[in-house]
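Residues per chain, in single letters:
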Amino acid sequence: MTAATAELLTVPEVMTRLKLGRSKVYDLIRSHRLVSIKIDGARRIPADAVKDFVLGQIEEAA
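Counting from 1, residues in each chain are numbered in the order their sequence is written. Only residues with pLDDT of at least 70 are given local features in this predicted model, and only at 80 or more are side-chain atom pairs given and counted; all residues enter the totals for whole chains, interfaces and linings. Hydrogen atoms and water are omitted, and side-chain values are computed over all heavy atoms in the structure.

Caption draft 1: View of the sheet that holds strand β3 (residues 42-46). As summarised here, the arrangement of the three strands in space is β1-β3-β2, forming an open sheet in which the pairing is antiparallel. The sheet is open, and its two borders are formed by β1 (8-9) and β2 (37-39), each paired with just one other strand. Two elements, β2 and β3, share three bridges in a ladder whose sense is antiparallel. Bridge assignment links isoleucine 37 to a residue of β3, and that residue is arginine 44. Contacts are assigned to residue pairs with any non-hydrogen atoms lying within 4.5 Å of each other. To get an axis, fit a line to the C-alpha atoms, keeping to the stretch in contact for a helix; angles then go from 0 to 180 degrees between the N-to-C directions. Working definition: helices are DSSP H or I runs of at least four residues, strands are E runs of at least two. Numbering for both runs from the N terminus. Its contacts with the sheet put helix α3 (residues 47-61) on β1 and β3, and the angle it makes with β3 is roughly 60°. A pair of strands is considered paired only if DSSP assigns at least 2 bridges between the two.

Below you can see the structure in the form of structure tokens.
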């Protein structure tokens with residue numbers, strides 16, 4: 001998937017996928033552990049970034 005066709009998720013969608021609260025998702029974004037972009041003030045997270053975050057957490061736990 002190219003950057004131009006990447007699926008972009010809202011913070012509430014990421015909260016649901018990761019089963020985390022809003023503050024924790026924003027903390028992950030602030031600490032650069034979860035990649036995000038801003039579009040006219042709206043925060044969006046590429047679905048691939050969520051997948052990469054989860055895979056990274058799994059590798060750290062191993």
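Caption draft 2: Molecular detail of the packing of helix α1 (residues 11-18) against helix α2 (residues 22-30). The geometry of α1 relative to α2 is characterised by a closest axis approach of 9 Å and an angle of 105° between their N-to-C directions. Judged by the inter-axis angle, α1 sits roughly perpendicular to α2. Contact residues: α1 offers Val11, Val14 and Met15, while α2 offers Arg22, Val25 and Tyr26. Every angle not falling under 35 degrees, over 145, or within 65 to 115 is termed oblique; those three ranges are roughly parallel, roughly antiparallel and roughly perpendicular.

Caption draft 3: View of the pattern of salt bridges. Counted as salt bridges are all cases of a side-chain nitrogen of Lys or Arg within 4 Å of a carboxyl oxygen of Asp or Glu. What the rule picks out here adds up to two salt bridges. Between glutamate 7 and arginine 17 there is a salt bridge, and its shortest N-O distance comes to 3.5 Å. Residue glutamate 7 is located in the segment before β1, and its partner arginine 17 is located in helix α1; the two are separated by ten residues in the primary sequence. Only protein chains enter the accessibility calculation, which uses a 1.4 Å probe; a residue is then buried when its area is under 20% of its type maximum, exposed when over 50%, and partly exposed in between. By relative accessible area, glutamate 7 is classed as partly exposed at 41%. In this structure arginine 17 comes out as partly exposed when scored by relative accessible area, which is 46%.

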